[in-house]
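Listed here are the chains, written in short residue letters.
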Amino acid sequence: MNIYVLMKRTFDTEERISISGGKIADDGAEFIINPYDEYAIEEAIQLKDAHGGEVTVVSVGSEEAEKQLRTALAMGADKAVLINIEDDVEESDQFTTARILAEYLKDKEADLIIAGNVAIDGGSGQVGPRVAEQLNIPYVTTITSIEIDGQTVTIVRDVEGDSETIETSLPLLVTAQQGLNDPRYPSLPGIMKAKKKPLDEIELDDLDLDEDDVEPKTKTIDIYLPPKKEAGRILEGEIDDQVKELVQLLHKEAKVV
Amino acid sequence: MTKKIIVLAESREGALRNVSFEAIAAGKKISDGGEIVSVLLGDDVSTHGQELIAYGADRVVTVQNEKLKQYSSDGYAQGLLAVLESENPDGLVFGHTALGKDLAPRIASKLGSGLISDVTAIEEGGDEPVFVRPIYSGKAFEKKVVSDGLVFVTIRPNNIDPLPKEESRSGEVTSLDVEIKDLRTIIKDVVRKATDGVDLSEAKVIVAGGRGVKSEEGFEPLKELADLLGGAVGASRGACDAEYCDYSLQIGQTGKVVTPDLYIACGLSGAIQHMAGMSNSKVIVAINKDPEANIFKVADYGIVGDLFDVVPLLIEEFKKIKAS
Ligand SMILES: Cc1cc2nc3c(=O)[nH]c(=O)nc-3n(C[C@H](O)[C@H](O)[C@H](O)COP(=O)(O)OP(=O)(O)OC[C@H]3O[C@@H](n4cnc5c(N)ncnc54)[C@H](O)[C@@H]3O)c2cc1C
Ligand SMILES: Cc1cc2nc3c(=O)[nH]c(=O)nc-3n(C[C@H](O)[C@H](O)[C@H](O)COP(=O)(O)OP(=O)(O)OC[C@H]3O[C@@H](n4cnc5c(N)ncnc54)[C@H](O)[C@@H]3O)c2cc1C
């Protein structure tokens, strides 16, 4: 099976966030594989182990994403591709990213494409379904299980806590939800092997795209931190009194009950 | 310039979801006086038209088809695209719900348009509407505008107020016949989790429990408190993984994103993935026995203590208030 994984390098949102020059400051920040893409990579490797084939991990970004691509290779992916848009694209949005990924994938004859359901930084959850639409293949979002039997695919998807069992067929794009699997850590031999695995770098030119083709449709005009909340009030005294005070505060001050 | 806006309505267990009305209000903010057309897809949608008009839609278009009984991306896309072709709108508003998240990017891609997802506020008054959305798991916000093409947004439930319901409003409800062809994904089975009572994403009050609740029975007092306040019970991933409650109650990045007026967090630590789903709540109360717990950082009011002492006392006190 020919499996592609869409991987985004993201800011680790567990870290402190600050703004400088109208942007989220990234000096000193930790960058990781988007956690939902880790599930995608793990699932791809497990499916390859079960059905044979090859796993290619693709990322649109800058040179810095090489580190996360290497990690994916160390987990067990076979190939990595970096579509480096740093020099060509100044501003981008989900339209841009999806357009580039679809252009790359269109002649790859992928049987299965696995994306994450959402990126924890950008948070739109658009890229997977957008790519599927452009490739004119079906997609299933937020999946928690997938079984493949020949061309037939049986999937369980999480829909706000309900689960739907879905039958569909390859070629297909799915997006990974938490609960799909437990991603492995790269092993030491895995890390050694990864150094020799192919990590190709291409640019827009190689896809016969130019800047105008991928010009974003939306524009970010401001980024800011939420207004600093006044420090919360930790109540004091006997528990009974704290509870009385809390109920009064909710009733009279916050007026929510 | 006035804009004609298509708003996708959504129903759940036979009733329209509130987010459908909020989306109409959002449409109004974008339309600059233009027409708001609400679209309803399903196998039996004849009854909801008037309600959408009462909430401010100028017109309603329904697409009724056996194949739209359950949501599927293929079925809904065909139904909706047919409506878009005949209406030729300037903008679209969907709820940022499971359905909206699944469908909107596909429609945007098909139309070659941008899409601003998970909008929590819309600023009017300038040359063009400005959309506010949380990013970085809710730790920051961005303001976005559309630079080219359709104005297409999904809105986070419970953030944009619906317009007051006015039964006296009138408007046309028409139906469009659409042939729904092959569906490439077939729903074989749906396991619906019993969510008796209030829909979490629409609840005004949520009492949420975490691993600190310790057992299924431990959720009983939380349920009692929620019922008393007309709210719903939610949970952290920790509580769901420990099987104290069902995953349908999970709040956070992986679960439901909620914005109640009051969020009472009991025995949950406040992991970033949890906060991504609730940090926009208007008032947050934390009850935790660890004074260092992260949840106190976002709480408006906190009680450091054992939830099994605090929650029953809270129930008593609220009963007194209700009685007076
Ligand atoms: C050079 C550069 C400039 C940028 N400029 C801007 C800007 O001006 N304004 C702005 O808002 N954003 C900008 N971005 C960010 C970028 O446009 C978005 O983050 C991206 O479109 C993904 O959107 P999202 O984060 O909402 O992902 P989602 O749609 O939530 O991601 C869902 C899934 O799609 C896949 N995916 C997402 N992104 C990628 C990717 N890059 N490569 C491979 N797979 C992916 C992953 O599987 C992911 O789990 C820029 C990025 C780069 C690299
Ligand atoms: C990709 C990804 C996605 C995730 N998505 C989500 C998500 O959507 N939602 C989510 O919630 N989590 C999510 N998580 C998990 C998250 O990281 C945390 O593990 C989880 O939220 C912890 O649950 P908890 O707060 O109940 O448990 P804990 O962190 O164990 O906290 C329990 C708390 O209870 C307190 N406590 C114990 N006993 C009592 C008592 N008797 N009275 C009062 N307080 C008491 C303790 O002091 C402690 O603070 C995700 C993780 C990942 C990696």
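Residues numbered from 1 in each chain as written. Chains lettered and ligands numbered in written order. Predicted model: local features only at pLDDT ≥ 70, side-chain atom pairs only at ≥ 80, totals over all residues. Heavy atoms only, no water.

A. Broad picture of the site of ligand 2. Around ligand 2 sit 29 residues in total, of which Arg 211, Ser 236, Arg 237, Ser 269 and Asn 288 of chain B are the nearest. For ligand 2, an oxygen atom lies 2.7 Å from a polar atom in the backbone of Arg 211 of chain B. One of the backbone nitrogen or oxygen atoms of Gly 255 of chain B is found 3.4 Å away from an oxygen atom of ligand 2. In isolation ligand 2 exposes 1000 Å². Once the protein is present, 81% of that is buried. Put simply, the parts of the chain that give the shell around ligand 2 at least two residues each are helix H1 (35-51) of chain A together with helix H6 (237-241) and helix H7 (272-275) of chain B. No other element matches H1 of chain A, which puts 3 residues into the shell around ligand 2. Partitioned by chemical class, the residues of the shell around ligand 2 number 7 nonpolar, 16 polar and 6 charged. (Near = heavy atom within 4 Å. Polar contact = N/O pair within 3.5 Å; in protein donor to acceptor, adjacent residues only side chain to side chain. Areas by Shrake-Rupley, 256 points an atom, 1.4 Å probe, with all protein chains shown as cover. Helix = DSSP H or I, 4+ residues; strand = E, 2+ residues; numbered from the N terminus. Nonpolar A, V, L, I, M, F, W, Y, C, P; charged D, E, K, R; others polar.)

B. A look at the pattern of salt bridges. Tallied over the entire structure, the rule returns 39 salt bridges over all chains. Linking Arg 17 of chain B and Glu 160 of chain A is a salt bridge whose minimum nitrogen-to-oxygen distance equals 3.5 Å. Residue Arg 17 of chain B is found in the loop between strand E3 (15-16) and helix H1 (18-31), and its partner Glu 160 of chain A is found in the loop between strand E10 (152-159) and strand E11 (162-169); the two belong to separate chains. For Arg 17 of chain B, a relative accessible area of 7% puts it in the buried group. (Salt bridge = Lys/Arg side-chain N within 4 Å of Asp/Glu carboxyl O. Buried < 20%, exposed > 50% of the residue type's maximum accessible area, 1.4 Å probe, protein only.)

C. Representation of the domain arrangement of chain B in the model. Residue and element names in this part refer to chain B. Considered domain by domain, chain B is made up of domain 1 (5-175) and domain 2 (200-323). For domain 1 versus domain 2, the separation of C-alpha centres amounts to 30 Å. At the junction of the two partners, domain 1 supplies 12 residues and domain 2 supplies 13 residues. In terms of surface lost to domain 2, no three residues of domain 1 exceed Ser 137, Arg 156 and Asn 158, which account for 53% of the buried area on that side. If you look at where domain 1 meets domain 2, you find 0 salt bridges. Counting the contacts that link domain 1 with domain 2 gives 8 residue pairs in polar contact (both at pLDDT 80 or more). (Domains from an automatic or database assignment. Contact = heavy atoms within 4.5 Å. Buried area = accessible area lost by both parts, 1.4 Å probe.)

D. Quick peek at the sheet that holds strand E9 (residues 130-135) of chain B. In space, the 4 strands of this open sheet follow the order E14(A)-E10(B)-E9(B)-E8(B), with antiparallel pairing throughout. Only two strands of the sheet have a single neighbouring strand rather than two, namely strand E14 (218-224) of chain A together with strand E8 (121-123) of chain B. Sheet twist, expressed as the mean angle between neighbouring strand axes with direction ignored, is 30 degrees. By the bridge criterion, 3 bridges tie E8 of chain B to E9 of chain B in an arrangement that is antiparallel. Note on E9 of chain B: the bridge partner recorded for Ala 121 of chain B is Val 132 of chain B. (Pairing = 2+ DSSP bridges. Axes fitted to C-alpha atoms, helices over the stretch in contact; angles between N-to-C directions.)

E. Looking closely at the confidence of the model for chain B. Confidence along chain B averages 95 in pLDDT terms, with 99% of residues attaining 70 or more. The ipTM value of the predicted complex is 0.96, and its pTM value is 0.96. (pLDDT = per-residue confidence, 0-100.)

F. Spotlight on the pairing of strand E1 (residues 5-8) of chain B. Residues and elements named next belong to chain B. The two faces of E1 match: Ile 5 and Val 7 on one face and Ile 6 and Leu 8 on the other face are all buried. Across 3 bridges, E1 lies against strand E6 (residues 91-95) in parallel orientation. By the bridge assignment, Ile 5 is partnered in E6 with Gly 91.

G. Local environment of the site of ligand 1. In the neighbourhood of ligand 1, 29 residues make up the surrounding shell, with Lys 8, Asp 37, Ser 92, Thr 97 and Ser 124 of chain A lying closest. Near ligand 1, residues from chains A and B are present, making the site a shared one. Separating an oxygen atom of ligand 1 from a backbone N or O atom of Gly 116 of chain A is a distance of 2.8 Å. Within the contact set of ligand 1, an oxygen atom lies 3.2 Å away from a side-chain nitrogen or oxygen of Thr 220 of chain A. Those elements giving two or more residues to the shell around ligand 1 turn out to be strand E6 (54-61), helix H3 (94-105) and strand E8 (112-116) of chain A together with strand E10 (140-146) of chain B. Tallying contributions element by element places E6 of chain A first for the shell around ligand 1, with 4 residues. Residues of the shell around ligand 1, tallied by class, amount to 9 nonpolar, 13 polar and 7 charged.

H. Looking closely at the interface of chain B and chain A. Contact with chain B, which involves 78 residues of that partner, is made by 74 residues of chain A. For the pair chain B and chain A, the summed buried surface comes to about 6600 Å²; carbon and sulfur atoms form 55% of the total. When the buried surface of chain B facing chain A is broken down by residue, Tyr 136, Arg 184 and Tyr 301 of chain B rank first, second and third, together holding 11% of it. Counting across the interface, chain B meets chain A through 6 salt bridges. Note that Arg 106 of chain B and Glu 133 of chain A form a salt bridge whose closest N and O atoms lie 3.0 Å from each other. Examining the composition of the side of chain B that touches chain A, we find that 9 residues originate from one element, helix H4 (residues 98-111) of chain B, more than from any other. Here the side of chain B that touches chain A is composed, by residue class, of 36 nonpolar, 19 polar and 23 charged. Bridge analysis of E11 of chain A against strand E13 (residues 186-191) of chain B gives 5 bridges, and the strand direction is antiparallel. Bridge pairing in E13 of chain B places Glu 164 of chain A opposite Val 190 of chain B.

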